[in-house]
Structures are given as structure tokens and as C-alpha cells.
Amino acid sequence: MRDVAVIGIGIQKWGELWDRSLRDLWVEAAQNAINDAGVDHIDTMYVGAMSPGLFVGQEHLSSLCADYLGVTPVAATRVESACCSGGMAMRSGFIEVASGMADIALVSGVEKMTDVDGGGATFALATAADGDYEVYNGVTFPGLYAMMAQDYMHRFGLTREELAAVPVKSHANGALNPHAQFQHPTTVEGVVNSVMVADPLTIMDCSPITDGAAAAILCPLEMAKDFAKGRPIIKVSGVGAATDTIALHSRKDFSTLNATVVAARRAYDMAGVGPDDIDFAEVHDCFSIAEVITSEDIGFFEKGTGGKAAAAGETALNGKRPVNTSGGLKSKGHPVGATGVGQIHELVTQLRGDAGERQLKTAKRGLAQNMGGSGGSAVVHILEVV
Amino acid sequence: MASVPGYWRERAQRLRYEGNKCESCDEVYFPPRRSCGIKCDEELKPHTLSTTGKVLTYTVIRVAPTQFVDEAPYAVAICEMDGGGRITAQLVDCPFENIKIGMPVRIEFRLIQKDGHHGILMYGYKVVPV
Amino acid sequence: MVGIVGYGAYIPRQRIKLEEIAAVWGADAAAFKRGLMLYEKSVPSPDQDTITMSVEAARWALARAGVDPKSIGAVYIGSESHPYAVKPSGTVVAEAIGATPDCHCADFEFACKAGSEAMFVGLSLVKAGEMDYVLAVGGDTSQGAPGDALEYSASAGSAAFIMGREKLLAECLHTYSFMTDTPDFWRREYEFYPRHGGRFTGEPAYFKHVQSASREIMSRAGLTPKDINYAVFHQPNGKFPRNVGRMLGFKDEQMETGWLSPWLGNTYSGASPMGLTAILDVAKPGELILMCSYGSGAGSDAFIWKATERLVEVREKAPFTRPQLDENKVYLTYGQYAKCRGKIVKAD
């Protein structure tokens with residue numbers, strides 16, 4: 001297996017992009033990545049998207065995206081794993097380059113979510129849960145994570161105000177990210193007193209509905225110096241993926257996301273590092289409680305202490321364990337299929353030292369954790385400067 | 001998006017709570033599964049969920065999907081049934097402030113969804129306090 | 001001998017007080033309470049209907065009967081609020097209790113006596129030896145038009161009985177039905193709310209049929225009211241059953257146990273059957289019970305039951321009727337009630 005590097009990244013400002021279609025968004029991000037890398041062709045491409053069929057009535061993104069990027073007859077594959085479709089597209093491209101099947105891979109994700117109304121978006125997102133045994137009975141995605149939050153708070157004594165520290169930190173970081181959907185700060189009171197969605201989670205604990213795309217270019221590490229143009233060379237040193245039960249109720253523990261635990265372990269093993277070797281992480285904070293749980297499950301904090309750590313500022317930009325420097329899904333936005341590649345974009349930006357006001361002092365090795373549904377699938381990537 | 005065949009196909013689970021159980025590891029499956037995965041090679045035997053159990057965790061859904069909008073706010077709980085097996089179900093006939101993790105509940109037969117004014121009525125299980 | 005092997009009742013937990021309804025329509029609540037002897041009524045939640053209440057009542061009946069659901073040869077649901085106009089309620093109930101597929105099934109409708117019809121037919125089938133057990137259910141989520149007199153009474157509840165020849169908890173000593181064509185109350189096809197003939201529903205309709213059926217069955221049995229321990233009549237309100245009982249020569253004490261309507265309202269097809277379940281909760285072995293239904297249109301089915309030793313052994317296996325009526329109540333405002341009953345509908 002060959003070592004693989006990320007040589008280009010592309011994105012746009014995420015948000016409610018009324019005048020942009022799915023193909024507009026995707027092509028913009030892909031072109032940005034190609035230009036950033038400076039490649040003159042691609043050998044293969046992967047498009048992560050969760051549910052374009054339900055959101056915009058369009059499937060067959062392999063053909064659509066290759067066509068509108070103008071790269072037919074390149075081989076293209078649509079990848080779907082709910083909200084970690086983007087991360088899984090990244091992993092798929094990694095595997096193809098590492099195997100030697102292709103040299104230059106475009107990996108990407110996209111979701112155009114605002115063409116449907118709130119009910120339509122809720123319906124589309126709910127397809128990531130167990131349709132017959134969760135959704136049928138009236139549970140929603142905020143409801144599933146709210147049940148994790150109830151369990152976590154009951155077991156570990158996390159308070160409502162402490163949990164609010166997570167979105168407050170996310171908004172503080174997002175305010176420094178020009179690509180973020182929400183670039184304004186918020187307060188603990190603002191989170192706690194906003195509209196209740198599913199007890200104990202308010203609307204400010206929930207990631208928004210977002211239009212957006214992100215892309216990255218991978219190539220063999222040995223070729224990466226040809227595209228470095230003086231920038232750091234960034235190696236994909238660890239990749240891990242795992243699954244868990246589709247229904248939350250089938251899990252033995254509602255305060256642990258085992259797919260993330262296992263995916264992280266696999267990525268650490270591959271990279272030959274541990275949590276203490278990671279400078280910062282982008283995690284899948286689709287809801288505030290998800291950041292608390294995943295920050296523990298990737299090994300940043302002991303189980304039951306992640307929420308208190310966030311409340312103590314340990315995950316802030318100047319904390320010991322910066323998490324979601326981009327603003328996370330909460331503030332940067334959560335165009336579901338694009339999110340995993342958006343995390344890669346942030347890792348590369350920090351590793352290159354290009355993160356502007358939110359740039360970390362030490363950013364040599366970062367981790368991205370992306371998951372689908374209520375954690376039924378997860379993928380973890382570790383990127384490092386070599 | 002009601003599917004008549006899809007509703008009908010699950011009637012043994014929706015109406016009678018039929019699952020199955022692995023003879024080797026005692027795991028109860030609801031809905032029933034064809035196999036206990038590759039770790040157990042024992043046959044799975046029919047197992048009907050007990051109608052009594054307890055709340056493991058819960059929430060109150062205040063922003064509901066389209067088909068449940070008229071019922072919001074409503075509570076949803078993950079329940080462990082006595083003798084094994086877990087369900088996600090609405091917890092009804094209980095003031096929200098009385099819901100507690102660990103509280104005993106019992107399944108009641110309820111209407112779960114209606115396909116508009118003209119379509120089929122879809123029944124199933126909810127839980128109520130004991 | 002044939003009779004009841006198992007019984008169960010189900011009452012929704014929501015209630016509305018008569019004053020709450022009267023205040024909306026500017027009616028004199030005190031006069032209604034005096035005149036109709038109605039204080040409050042049960043209200044189904046939007047996820048409850050005749051099918052769901054019947055499944056619950058049937059499961060309690062099975063718990064007391066202790067019989068294999070597969071041995072139930074017929075499932076009959078009597079109601080005037082079957083959730084489907086076309087498609088049986090009974091198939092859902094039979095499927096839910098596990099009685100399918102070797103089972104006969106039909107929904108009955110005869111205004112408020114659909115439940116007792118199901119009981120009558122069930123008894124007849126087990127008597128004929130056609131099947132070992134029959135499930136007979138009477139239940140309704142009754143509708144009363146906003147502002148109509150029926151709105152003060154129309155309520156929700158269900159009673160289920162498993163009829164058989166062995167393991168009886170109450171023997172059926174006699175049955176008798178009395179029926180004429182008397183249009184005192186009806187609901188036309190495609191109409192949502194029933195209509196009624198006002199005071200015509202009284203003397204020539206309810207009182208004539210209930211008295212005729214009750215007198216004839218007692219005469220055929222060679223019994224007088226003093227021989228009977230408990231009497232329950234169709235209870236469209238609190239006043240009618242009490243008055244008809246007195247006319248027949250019963251004392252209030254004989255009627256007290258099955259007299260649920262002042263606090264339950266009129267459960268239509270469930271009304272006298274639920275009175276019977278409340279009596280079975282307390283009757284002693286050997287005691288006699290007269291039950292007489294009434295359905296507009298019009299007819300009455302009368303039964304004389306005799307409690308057995310087995311009743312005492314099994315009745316604790318499921319919830320009693322009266323505590324369901326008296327405990328765990330949730331009171332609604334008229335606005336909540338109107339939403340629950342589809343009287344106000346959110347814009348699409």
C-alpha cells in the first residue's frame with residue numbers, strides 16, 4: 001500500500017445558498033480543490049452525498065458531477081453513508097490511490113438541503129435512522145441525540161449550562177471562519193434560552209440545515225512534493241472506519257459511540273500514534289452532546305469528562321485540546337454529505353498554517369471524525385505534516 | 001409516505017411485538033433477525049416481547065416530523081422490556097415532569113400514524129406508566 | 001351451559017367536565033347535571049379509537065380467560081365508530097391478540113347495542129358448538145356534534161368478553177331480544193355526527209324497549225327484581241338507566257355498581273357491557289346480574305348472568321373497571337378536547 005497525501009482543498013462559504021444548485025456548489029468546490037493542488041487532470045473521483053434524491057430529486061451524481069466538471073469519461077463513484085458520506089468518499093479515494101489503481105483522486109462531498117421545506121428536510125435526514133423501528137414511532141434526529149444527552153447527563157452529572165459551552169465555543173470559532181454559515185458568537189444564556197427542540201436540546205444545540213460542498217485532491221505521497229509549491233506536505237497517516245447498530249435502542253451504552261471508538265482506534269493504529277499525539281480535532285458535532293461524546297470516544301478525554309472539559313475551555317482554540325476550530329457542524333454548517341470533506345479542509349488549512357485568526361500555534365497532526373445517523377457509521381482520518 | 005405493504009409486512013411486530021432470541025447468547029432481537037451474526041451459530045427461537053419494562057432514556061419531541069405535528073409535544077423513550085428486547089416508543093398518558101429514567105412502563109396498543117384523511121391507519125405500540 | 005370465560009374493560013385517561021362544555025355554549029351546567037345526571041366524560045386521545053381500546057380490553061379479557069388466543073374461533077367488534085367505513089375493526093383486533101387465521105370475524109353496528117349483539121352472537125355460536133371460544137367486544141369513541149345535547153355525554157370506552165362453554169366465570173342463564181323499527185337516533189352515510197329525535201328518544205324508544213326486554217327476560221326466567229343482585233341498563237346519561245330501573249322495580253343499590261355514566265359518559269356500544277365489567281369486578285359466586293342494552297333504531301338485548309367461583313379466582317388478573325374510571329384522570333379544556341376530537345382542524 002502506498003502512502004497518500006492531500007495536495008489540494010476546495011470549499012465555498014456554506015449557508016442557505018438560494019441562488020446555487022447542487023451542481024453549482026459541487027463544481028465550485030471541486031474546481032477550487034483542483035486549482036489549489038495545481039493538477040492538470042484527475043484519474044478518479046468520489047462524491048459523497050447523503051440524499052440528493054430526496055433533497056433535490058437528483059441521484060446519479062457520478063455522471064452529473066463528472067459531466068459538469070468537464071472530466072468525463074473519468075471513473076466516478078457516489079458514496080453514501082448518511083452524514084459521513086463525505087468522510088467515506090475521502091476513505092474511498094484514499095484506498096484507490098494507496099492501492100495503486102489511481103494516482104490523482106478527487107474526493108468530495110455535497111448536499112443541497114434548502115430546496116425542501118423543514119418537513120421535507122426532516123424526512124430526508126430521518127432516513128439515516130431505523131425507518132421501521134425508530135422513525136415510524138415519531139422519533140427525530142434531535143430526539144435520538146437528546147436521548148443520548150439525557151443518559152449522559154443522568155450518568156455523569158453534566159449540567160445544561162455546561163453542555164451549552166460546546167455551541168458557545170463553536171460559534172466563537174465559526175466567527176473567525178470566513179466559510180462558516182454562522183459567523184457570530186453566542187452565549188450560554190443564548191443557548192439555554194433558545195427554542196426547545198427535543199429536551200434537553202435547544203435549537204442552539206443543533207447543527208443547521210446547510211447548502212454546501214467541499215473537495216480535496218489526493219495523490220501518492222511520493223508525488224506530493226511536485227505540487228507542494230513551498231507548502232507543507234500533508235500525509236494521510238491514519239484511516240479508520242467502523243459501524244454500529246442502526247437503531248440507538250440496540251446499543252448497550254447510549255453515552256458511547258462505538259463506531260467512533262473503533263474507527264479512531266484503527267486510525268491511531270495505522271498512524272502509529274495515540275490521542276496524546278494529536279494537536280487538534282474536527283469532530284461530528286451534529287448536536288452539542290455529540291461533540292462531548294465523540295471528544296471522549298477519540299480518546300481526548302476520559303468517558304464522562306468531555307462535557308466538563310469543554311465547559312472548562314479545554315477544547316477552545318487556546319485550550320489544551322482544541323476541537324472544531326472551524327466552528328464545527330454547529331457554526332460552520334452541516335451540508336450532510338459535504339461535512340466529512342469539510343473537516344478535511346479545516347485540517348489541511350490548520351496544518352498549512354492558513355487558518356488566519358483561528359490558526360492554532362501548534363498544528364502538526366490533526367484528526368477528523370465524521371459519523372452517520374445516530375453513530376451507526378463513522379470514519380476517522382489522521383493527517384500530519386511530513 | 002405511507003406504504004401499505006410496508007405497514008402490513010411488519011404486523012407481527014407492530015401488533016404483537018414478536019421478535020426472536022438467540023439460544024446461544026440469550027440476545028433478544030426485536031424485530032426478529034435471520035441470524036445472530038457470525039459469532040453464534042445457534043438457531044434463533046421466536047420470542048414475544050413482554051409488555052412491561054422500564055425507561056432507559058427519553059426525550060420530549062417539540063419539533064415533530066410532518067406526520068406527527070398535531071401530536072407535538074410528545075415524549076419518546078427507549079425501553080428495555082422485561083425478559084429482554086428494546087423498543088423506541090412514544091411514552092403517553094404521563095406528564096412530562098413525571099418521566100424518569102428507570103420508571104416502569106407498559107405497552108399499550110395505539111394508533112401511530114394516519115395516512116392523511118383518506119389513507120390507511122397504522123397501529124403499533126406506545127408505552128404508558130405502570 | 002355457556003357464558004363468560006374472560007372479561008376486560010378499557011377507559012381512556014382523559015376527561016372533560018360538563019361545566020367546561022356548558023361554558024362554551026352558554027348552557028346552564030347545573031341544570032344539565034340535575035337533568036341528565038352527567039358530571040364528566042372520558043375523551044379518547046388522537047391515538048385512541050375503537051380498535052385500540054378493543055385490543056386493550058381484549059387483552060385483559062384473555063388474561064382472565066387464560067385461553068390460547070388461537071382457540072378463539074370468532075372475533076366480533078360492535079361499535080358505531082369503527083375507524084374504517086369499509087375494512088373491519090375485528091381483523092386488527094384478531095391479529096393483535098394472535099387469533100388469526102383460523103377465525104371468523106365481523107364488525108357489528110346497531111347504534112348503541114352493537115356490543116351486546118356481538119355478545120349474543122358469540123354466546124349462540126359457542127352454544128351451537130361451532131367453536132370453543134368467541135371474543136365479543138363493545139366499544140366506541142362516540143361523537144356528539146358541537147353544542148348538541150350529545151356533546152355532554154358522547155365518550156369513549158370498550159368492554160371485551162370471551163364466551164365459552166367451560167371455565168366460566170359467569171354463566172349465561174337467559175337471553176332475550178326485543179326489537180322494532182323506531183327511528184329515534186341515526187347517522188346517515190358520509191355524515192360525521194349523529195342526529196336524534198330529541199324527546200322522542202325517551203318514552204317510545206329507550207324506555208319502551210329496555211322495559212319490554214327486561215320484563216320479558218325476567219318473566220321467562222321466573223325471576224323478579226328482588227331475586228336479582230345487580231342490574232345494568234344502557235346508560236346514555238345518568239338519568240335514563242336509573243329511571244328505567246326504578247320503573248322495573250329495582251332499587252338504586254342494585255344499580256349502583258354498574259352505573260358508570262355520570263362520570264364516564266355514554267360509551268355507546270360499550271355502555272351496558274362496561275357496566276357489566278364493573279359488576280363482575282365485585283360480584284360474589286351465585287349472584288345474579290341483569291344486563292339490558294339499548295340501540296337506537298331500535299332494540300334491546302337482555303341477559304341474565306350468574307357469577308361462578310372462578311370469577312373470584314381470575315378477576316385480579318387484569319385491571320378493574322371502576323379504578324380506571326376514578327384514578328389517573330387528566331382533565332382537558334374545551335380547546336384541547338375540540339382538537340382531540342377533530343372538532344377544530346389545523347390548516348393544511
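Our subject is the structure listed above.
On a predicted model such as this, the values are computed, not experimentally measured, just so you know.

Asks: Describe in detail the overall build of chain A, supporting the description with residues and values.
Replies: Looking only at helices and strands, chain A features 14 helices and eleven strands. Judged by the C-alpha coordinates and their principal axes, chain A covers about 55 × 45 × 35 Å. Residues classed as buried in chain A amount to 65% of the 386 residues present. In chain A, once contacts between residues fewer than 6 apart in sequence are set aside, the share between residues at least 24 apart is 78%. When the accessible surface of chain A is totalled, it reaches about 12500 Å², and 51% of it is carbon and sulfur. Here chain A contributes 29 positive and 45 negative side-chain charges, whose respective centroids are spaced 4 Å apart.

Asks: Which residues make up the packing of aromatic side chains, and what values go with them?
Replies: Counted according to the given criterion, the structure contains 22 aromatic pairs over all chains. For the pair B:Y17 and B:Y125, a centre-to-centre distance of 6.0 Å together with 85 degrees between the ring planes defines the contact as edge-to-face. With B:Y17 in the loop between helix 2 (11–14) and strand 1 (18–22) and B:Y125 in strand 8 (residues 121–129), the pair connects residues that are 108 residues apart, well separated along the chain. Per residue, the accessibility class of B:Y17 equals that of B:Y125, and both read buried. For the pair C:F233 and C:F250, a centre-to-centre distance of 5.9 Å together with 65 degrees between the ring planes defines the contact as edge-to-face. Linking C:F233 in strand 11 (residues 230–233) with C:F250 in the loop between helix 7 (239–248) and helix 8 (252–256), this pair joins segments that are 17 residues apart in sequence. The exposure classification of C:F233 matches that of C:F250, with both residues buried. Ring pairing ties together the aromatic residues A:Y133, B:Y17, B:F30 and B:Y125, which thus form one cluster.

Asks: Which residues make up the sheet that holds strand 9 (residues 280–282) of chain A, and what values do they have?
Replies: All names here are of chain A. One open sheet accounts for nine strands, arranged 3-2-4-7-1-8-11-10-9; its pairing is mixed. Of all the strands in the sheet, the pair left with one neighbour each is strand 3 (75–79) and strand 9. The mean inter-strand angle of the sheet, taken between neighbouring strand axes irrespective of direction, is 25 degrees. With nine bridges joining them, strand 8 (residues 234–243) and strand 11 (residues 377–385) adopt antiparallel strand pairing. Bridge assignment links V239 to a residue of strand 11, and that residue is H381.

Asks: Give a description of the arrangement of the chains that names residues and reports values.
Replies: Among the two pairs of chains that make contact, the interface with the largest number of contacts is formed by chains A and B. At the level of C-alpha atoms, the two units chain A and chain C stay apart, their nearest approach being 12 Å.

Asks: An account of the interface of chain C and chain B is requested, with residue identities and associated values reported.
Replies: Residue-level contacts link 22 residues of chain C with 19 residues of chain B. With its nearest N and O atoms 3.9 Å apart, the salt bridge here joins B:R11 to C:E95. Seen at the junction of chain C and chain B, the total is 15 residue pairs in polar contact (both at pLDDT 80 or more). For the side of chain C that touches chain B, the elements supplying multiple residues, two or more each, are helix 3 (50–65) and helix 4 (90–97) of chain C. For the side of chain C that touches chain B, the leading source of residues is helix 3 of chain C, giving six residues. Of the residues in the side of chain C that touches chain B, the class split is nine nonpolar, five polar and eight charged.

Asks: Please give an account of the interface of chain B and chain A that cites residues and values.
Replies: Opposite the 35 residues of chain B that make contact, chain A presents 28 residues. In terms of surface lost to chain A, no three residues of chain B exceed B:R14, B:R86 and B:T88, which account for 20% of the buried area on that side. The tally of links between chain B and chain A comes to three salt bridges. Inspection of the chain B/chain A interface yields 18 residue pairs in polar contact (both at pLDDT 80 or more). Ranked by residue count, the leading element in the side of chain B that touches chain A is strand 4 (residues 52–61) of chain B, at six residues. Residue classes in the side of chain B that touches chain A are distributed as 22 nonpolar, seven polar and six charged.

Asks: I'd like a description of the nonpolar core, backed by residues and values.
Replies: Among soluble globular proteins, nonpolar side chains are generally buried collectively. By size, the foremost hydrophobic cluster in this structure holds 129 residues, and its most contacted members are A:Y145, B:I87 and C:L135. No other element matches the nine residues that helix 6 (residues 141–156) of chain A contributes to this core. Core analysis: the next-biggest nonpolar cluster, separate from the first, contains 40 residues, C:F108, C:V126, C:C172 and C:L264 among them.

Asks: I'd like a rundown of the sheet that holds strand 1 of chain B, residues and numbers included.
Replies: Residue and element names in this part refer to chain B. In spatial order, the strands read 2-1-3; together these three strands make up an open sheet with antiparallel pairing. Each edge of the open sheet is held by one strand with a lone partner, namely strand 2 (28–29) and strand 3 (44–48). Note that strand 1 and strand 2 share two bridges and pair antiparallel. Each bridged residue has a counterpart across the sheet, and for N20 the counterpart in strand 2 is Y29.

Asks: Can you explain the packing of helix 3 of chain C against helix 4 of chain C? Please cite residues and give values.
Replies: Residues and elements named next belong to chain C. At their nearest, the axes of helix 3 and helix 4 sit 9 Å apart, and the two run at 40 degrees to each other. Taken together, the axes of helix 3 and helix 4 are oblique relative to one another. In this structure, helix 3 meets helix 4 at a crossing whose hand is right-handed. Each of I51, S54, V55, A58, R59 and L62 in helix 3 lies in contact with helix 4, whose residues at this interface are V92, V93, A96 and I97. Split by residue class, the contact of helix 3 with helix 4 holds eight nonpolar, one polar and one charged.

Asks: Pulling in residues and values, what's your account of the environment of B:R33?
Replies: Note on placement: B:R33 falls in the loop between strand 2 and strand 3. B:R33 gets classed as partly exposed once you look at its relative accessible area, which sits at 43%. Here the alpha-carbon distance between B:R33 and B:G19, two residues 14 residues apart in the chain, equals 7.8 Å. Residues within four places of B:R33 in sequence aside, it is in contact with A:S250, B:N20 and B:L44.

Asks: Outline the packing of helix 1 (residues 18–25) of chain C against helix 2 (residues 29–36) of chain C, listing residues and values.
Replies: All names here are of chain C. Direction vectors running N to C along helix 1 and helix 2 enclose 130 degrees, while the axes themselves pass 9 Å from each other. Between helix 1 and helix 2, the interaxial angle falls into the category oblique. Handedness of the crossing formed by helix 1 with helix 2: right-handed. For the pair helix 1 and helix 2, the contacting residues are L18, E19 and A22 in the first and A29, F32 and K33 in the second. Classifying every residue of the contact of helix 1 with helix 2 by side-chain character gives four nonpolar, no polar and two charged.

What counts and what doesn't
By convention here, each chain's residues receive numbers from 1 onward along its written sequence. For naming, the first written chain is A and the first written ligand is 1, with later ones following in the order written. Where local features are concerned, this predicted model is filtered to residues with pLDDT of at least 70; where side-chain atom pairs are given and counted, the filter is 80 or more; whole-chain, interface and lining totals use all residues. To get the side-chain values, all heavy atoms of the structure are used, and hydrogens and water are removed first. Secondary structure elements follow DSSP: runs of H or I no shorter than four residues count as helices, runs of E no shorter than two count as strands, and numbering proceeds from the N terminus. A 1.4 Å probe rolled over the protein chains alone gives each residue an accessible area, and that area as a share of the maximum for its type sets the label: buried under 20%, exposed over 50%, partly exposed in between. Residues are treated as being in contact if the distance between any of their heavy atoms lies within 4.5 Å. For the area figures, the Shrake-Rupley method with a 1.4 Å probe applies, and any residue is considered shielded solely by the protein chains shown. In summary, the charge assignment counts Lys and Arg as positive and Asp and Glu as negative, without counting His or the chain termini. Each charge is placed at NZ for Lys, CZ for Arg, CG for Asp and CD for Glu. Aromatic rings from Phe, Tyr and Trp, taking only the six-membered ring of Trp, are treated as a pair when their centres fall within 6.5 Å; an angle between ring planes under 30 degrees marks them as stacked, one over 60 as edge-to-face, and anything in between as tilted. Two strands qualify as a pair provided DSSP detects at least 2 bridges between them. Comment: axis = line fitted to C-alpha atoms, over the contacting stretch for helices; angle = value between 0 and 180 degrees taken between N-to-C directions. Each reported salt bridge corresponds to a side-chain nitrogen of Lys or Arg within 4 Å of a carboxyl oxygen of Asp or Glu. Here a polar contact means two N or O atoms within 3.5 Å. Within protein one must be a hydrogen donor candidate and the other an acceptor candidate, and residues neighboring in sequence count only if both atoms are side-chain atoms. Asp, Glu, Lys and Arg are counted as charged, while Ala, Val, Leu, Ile, Met, Phe, Trp, Tyr, Cys and Pro are counted as nonpolar; the rest, among them Gly, fall into the polar class. Buried area is understood as the total, over both parts, of accessible area removed when two parts are fitted together, assessed with a 1.4 Å probe. To define a nonpolar core, start from buried Ala, Val, Leu, Ile, Met, Phe, Trp, Tyr and Cys residues and group those joined through side-chain atoms within 4.5 Å. Convention used here: angles under 35 degrees read as roughly parallel, angles over 145 as roughly antiparallel, angles from 65 to 115 as roughly perpendicular, and any remaining angle as oblique. It is the rotation of the near helix from the far one that decides the hand of a crossing: anticlockwise by less than a right angle makes it left-handed, clockwise makes it right-handed.

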